[in-house]
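# Summary of structural features
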Amino acid sequence: MPAVVMLDLKLPKLSGFDVLKLMRADPRTKAVPVVVLLTSSSEDEDMVRSYELGANSYVRKPVEFAAFAHAVGQLGIYWVLLNQRAPG
């Protein structure tokens with residue numbers, strides 16, 4: 001089981017919203033932290049919908065690759081090393 005999922009809303013076949021719904025409906029992945037990453041949308045409604053569907057965090061991806069790699073590294077450190085998961 002992954003420690004954290006970093007999910008882009010703009011996926012080719014299923015939307016990130018659909019993936020998030022499926023994850024939250026499945027008892028095996030229901031408690032896995034999900035960070036929604038998005039570059040192309042600055043719509044507040046996407047952020048609200050992500051949280052309503054059970055996202056744990058919402059981050060706008062930096063467009064420049066080095067900044068993106070740094071941001072993902074920082075997110076990984078937080079969610080894998082610092083965040084305290086629920087027991088069980």
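A short tour of the structure in this document, coming up. (Residues numbered from 1 in each chain as written. Predicted model: local features only at pLDDT ≥ 70, side-chain atom pairs only at ≥ 80, totals over all residues. Heavy atoms only, no water.)

## Digging into the pattern of salt bridges
Under the criterion given, the structure shown has 3 salt bridges. Among the salt bridges present, the one from Lys61 reaches Asp8, with a minimum N-O distance of 2.7 Å. In this pair, Lys61 is assigned in the loop between β3 (57-60) and α3 (65-82) and Asp8 in strand β1 (residues 5-8), connecting sequence segments 53 residues apart. For Lys21, the salt bridge goes to Asp18, with nearest N and O atoms at 4.0 Å. Highlighted residues: Lys21 and Asp18, both in helix α1 (residues 16-25), separated by 3 residues, approximately one helical turn. Lys21 gets classed as partly exposed once you look at its relative accessible area, which sits at 38%. (Salt bridge = Lys/Arg side-chain N within 4 Å of Asp/Glu carboxyl O. Helix = DSSP H or I, 4+ residues; strand = E, 2+ residues; numbered from the N terminus. Buried < 20%, exposed > 50% of the residue type's maximum accessible area, 1.4 Å probe, protein only.)

## A few points about the pairing of strand β2 (residues 34-38)
Among the 5 residues of β2, 5 are classified as buried, and the element is accordingly described as predominantly covered. Inspection of the sheet shows β1 paired to β2 by 4 bridges, in the parallel sense. Counted as the bridge partner of Asp8 is Leu37 from β2. A crossover links β1 with its parallel partner β2, the connecting element being α1, and its sense is right-handed. Two elements, β2 and β3, share 4 bridges in a ladder whose sense is parallel. Paired with Val35 across the two strands is Ser57, which belongs to β3. (Pairing = 2+ DSSP bridges. Right-handed = clockwise from strand over helix to strand, strands pointing away.)

## A short note on the side chain of Thr29
By the element assignment, Thr29 lies in the loop between α1 and β2. Ignoring sequence-local partners within four residues, the contact set of Thr29 consists of Met1, Leu22, Met23 and Arg24. (Contact = heavy atoms within 4.5 Å.)

## Some details on a nonpolar patch on the surface
Taken together, the side chains of Ile77, Tyr78, Val80, Leu81 and Leu82 define a hydrophobic patch exposed on the protein surface, amounting to about 500 Å² of accessible area. Residue placement: Val80 occurs in helix α3. (Patch = residues over 30% accessible without salt bridge, like charges linked within 9 Å, V, L, I, M, F, W, Y side chains within 5 Å. Areas by Shrake-Rupley, 256 points an atom, 1.4 Å probe, with all protein chains shown as cover.)

That's the geometry; what it means functionally is another story.
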